[in-house]
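Summary of structural features
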Amino acid sequence: MPKISNRAVSMPASPIRKLVPYALAAKAKGTKVYHLNIGQPDIETPKTALDALKNIDLKVLEYALSEGNLDYRKQLEKYYHSVGFTDLTTDNFIVTNGGSEALNFALSVVCDSGDEVIIPEPYYANYNGFTNAIGVKVVAIPSSIDTGFALPKIEEFEKKITDKTKAILICNPGNPTGYLYNREELQKLAEIALKHDIVIISDEVYREYVYDGEKQISMLEFPELKENCIIIDSESKRYSMCGVRIGFLVTRSQSLHNAAMLFAQARLSPVLIGQILATAAHNDDAEYIKSVREEYTKRRNLLVELLNEIPGVKCPKPKGAFYCVAELPVEDADDFAQWMLESFSDNGETVMVAPASGFYSQPELGKKQVRIAYVLKSEDLKRSVELLKLALEKYNNK
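Nothing here was measured: the structure is a model prediction, and the numbers come from that model.

Take the packing of aromatic side chains next. According to the stated counting rule, one finds 20 aromatic pairs in the structure shown. For the ring pair Tyr 209 and Tyr 296, a centre distance of 5.3 Å and an interplane angle of 85° mean the geometry is edge-to-face. Highlighted residues: Tyr 209 in the loop between β6 (199–203) and β7 (229–234) and Tyr 296 in helix α11 (residues 286–309), separated in sequence by 87 residues. Measuring from ring centre to ring centre gives 4.9 Å for Tyr 296 and Phe 322, while their planes differ by 45°; the resulting arrangement is tilted. Here Tyr 296 is found in helix α11, whereas its partner Phe 322 is found in the loop between α11 and β9 (323–327), with 26 residues between them in sequence. Per residue, the accessibility class of Tyr 296 equals that of Phe 322, and both read buried. What links up through ring pairs into an aromatic cluster is the set Tyr 206, Tyr 209, Tyr 296, Phe 322, Tyr 323 and Tyr 374.

So, on to the pattern of salt bridges. This model, assessed by the stated rule, comprises 28 salt bridges. The salt bridge partner of Arg 252 is Asp 87, with a shortest N-O separation of 2.8 Å. Placement of Arg 252 in the loop between β8 (247–250) and α9 (254–266) and of Asp 87 in the loop between α4 (70–82) and β2 (93–96) is noted, with a sequence separation of 165 residues between them. Of the residues examined, Asp 87 reaches a relative accessible area of 44% and is grouped as partly exposed. Put simply, Glu 155 and Lys 188 hold a salt bridge, and the shortest N to O gap is 4.0 Å. Remark: Lys 188 occurs in helix α8 (residues 183–196) and Glu 155 occurs in helix α7 (residues 155–160); sequence separation between them is 33 residues. Connected through salt bridges with shared partners, the residues Glu 204, Arg 207, Glu 208, Asp 233, Glu 235 and Arg 238 form a single ionic network.

Let's shift gears to the state of the cysteines. Throughout the structure, instances matching the rule amount to zero disulfides. The thiol sulfur of Cys 111 is not disulfide-bonded, and the nearest other cysteine sulfur, from Cys 229, lies at 15 Å. Relative accessible area serves as the criterion here: at 7%, Cys 111 is assigned to the buried category. Cysteine Cys 324 remains unbridged, with the sulfur of Cys 315 as its closest cysteine sulfur at 3.6 Å.

We now examine the nonpolar core. Soluble globular proteins tend to bury their nonpolar side chains together. The biggest cluster of nonpolar side chains holds 95 residues, and the ones touching the most others in it are Tyr 80, Met 219, Leu 307 and Phe 336. A total of eight residues in this core trace back to one element, the largest contributor, which is α11. Apart from residues lying up to four places away in sequence, Tyr 80 is in contact with Phe 85, Leu 88, Phe 93, Arg 207, Leu 220, Ile 231, Asp 233, Phe 248 and Val 250. Formed by 38 residues, the second largest nonpolar core is a distinct cluster that contains Ala 106, Leu 107, Val 199 and Tyr 360.

Glancing now at the sheet that holds strand β3 (residues 116–121). The mixed open sheet is built from seven strands, whose spatial order is β2-β8-β7-β6-β5-β3-β4. If you trace the sheet from one side to the other, it starts and ends with β2 and β4 (137–142), each paired once. Recorded for the sheet is a direction-independent mean angle of 20° between the axes of neighbouring strands. As paired strands, β2 and β8 are joined by four bridges and run antiparallel to one another. By the bridge assignment for β8, Phe 93 is matched with Val 250. Where helix α5 (residues 98–110) meets the sheet, its contacts fall on β2, β3, β5 (165–171), β6, β7 and β8, and the angle it forms with β7 comes to roughly 165°. Strand contacts of helix α6 (residues 126–133): β3, β4, β5 and β6, with the helix running at about 160° to β5, the strand carrying the most contacts.

With that out of the way, let us pick up the environment of Val 205. Mapped onto the elements, Val 205 comes out in the loop between β6 and β7. As a C-alpha pair, Val 205 and Ile 232 span 27 residues in sequence and 6.8 Å in three-dimensional space.

Right, let's get into unusual backbone geometry. Here Glu 121 and Pro 122 are connected by a cis peptide whose omega angle stands at 5°. Relative to the assigned elements, Pro 122 resides in the loop between β3 and α6. Here the residue pair Asn 172 and Pro 173 is connected by a cis peptide bond, since its omega of -5° sits within 30 degrees of zero. As for its position among the elements, Pro 173 is in the loop between β5 and α8. A positive phi angle, near 65°, is found at Phe 149, a position not held by glycine. Judged by relative accessible area, Phe 149 falls into the buried class, the value being 4%.

What counts and what doesn't
- Residues numbered from 1 in each chain as written.
- Predicted model: local features only at pLDDT ≥ 70, side-chain atom pairs only at ≥ 80, totals over all residues.
- Heavy atoms only, no water.
- Phe/Tyr/Trp six-rings, centres within 6.5 Å; stacked < 30°, edge-to-face > 60°.
- Helix = DSSP H or I, 4+ residues; strand = E, 2+ residues; numbered from the N terminus.
- Buried < 20%, exposed > 50% of the residue type's maximum accessible area, 1.4 Å probe, protein only.
- Salt bridge = Lys/Arg side-chain N within 4 Å of Asp/Glu carboxyl O.
- Disulfide = S-S within 2.5 Å.
- Core = buried A, V, L, I, M, F, W, Y, C linked by side-chain atoms within 4.5 Å.
- Contact = heavy atoms within 4.5 Å.
- Pairing = 2+ DSSP bridges.
- Axes fitted to C-alpha atoms, helices over the stretch in contact; angles between N-to-C directions.

Here it is in structure tokens:
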């Protein structure tokens, strides 16, 4: 039998998806599963995108341009102008198959095997997979649930920089915590990047979804980072079109752009039909974004309030994205999450969450925590928290 590569053996399992077989088994038994484990909104995709899908009139589904088709990149230029970055042109964008491919391109451009990337934790679990696949080491900067996952002093980042450090990777607003960076924090990160000539990779796919009158501050607001900044963006969360798999990389740096284009050409092209839908979604989208933001605000407030009413549960209120991290009164959230799918139901229903251990470089730090996505309508969130409360009571008494 062929030997499996060390790279494959060391690839981490996704904490978001690793319990899927147990969820499928539960459903096969007739149990309804409320999915709070994954950022798949139940909010409808914009009608403009759905209509574009229905009205596609192509005789040949041909390759797209490696950098993305011009009509879509013109929409991206228009969108970024609308949020204040009027210097950007179509040449600043490379369209990718989801934000994941954009991040893979960014890491591949700035890192060689053995290099290091500094990331505040907890962080999006797939960052582990992306870095592992190219032999890059994650150097984590821990934050605490007790401070609402506030970023540690920026000086902690500088302490971690070595001659192997090539980038600082942030997600703003953050997945899984919903943390929102302030201008002072980002300014200090920019100064560190320039001082050490490293790249800031800023994952900004949740840009629109910030709450309580707050505003997301992009790393693009620091023009001094022209040669030291890559933005990761995606249509998946903005327009509730995760299955379309359209994201993009943004940079003002010609050298970073040219290097990323080599990877874009090597994988041929981004999805053609996805670009057609994404182009249409950007048309007259202001009211859509506003209504979705209002809906997420309502869901966030409900979920966090109900979670904190459960004895022993601790859940800070996130400022952005559509996730929260909750600490549960259990010793092993991985075991509890699996047990809920295998052994618990109430009136034929159970709930699926994502154990937070996979969102840390050291799994023990998240051993009692879970990530919950508030992507379900309010009545389903209420029922999910009710099930979670019942499950905790039964689990701790078994």
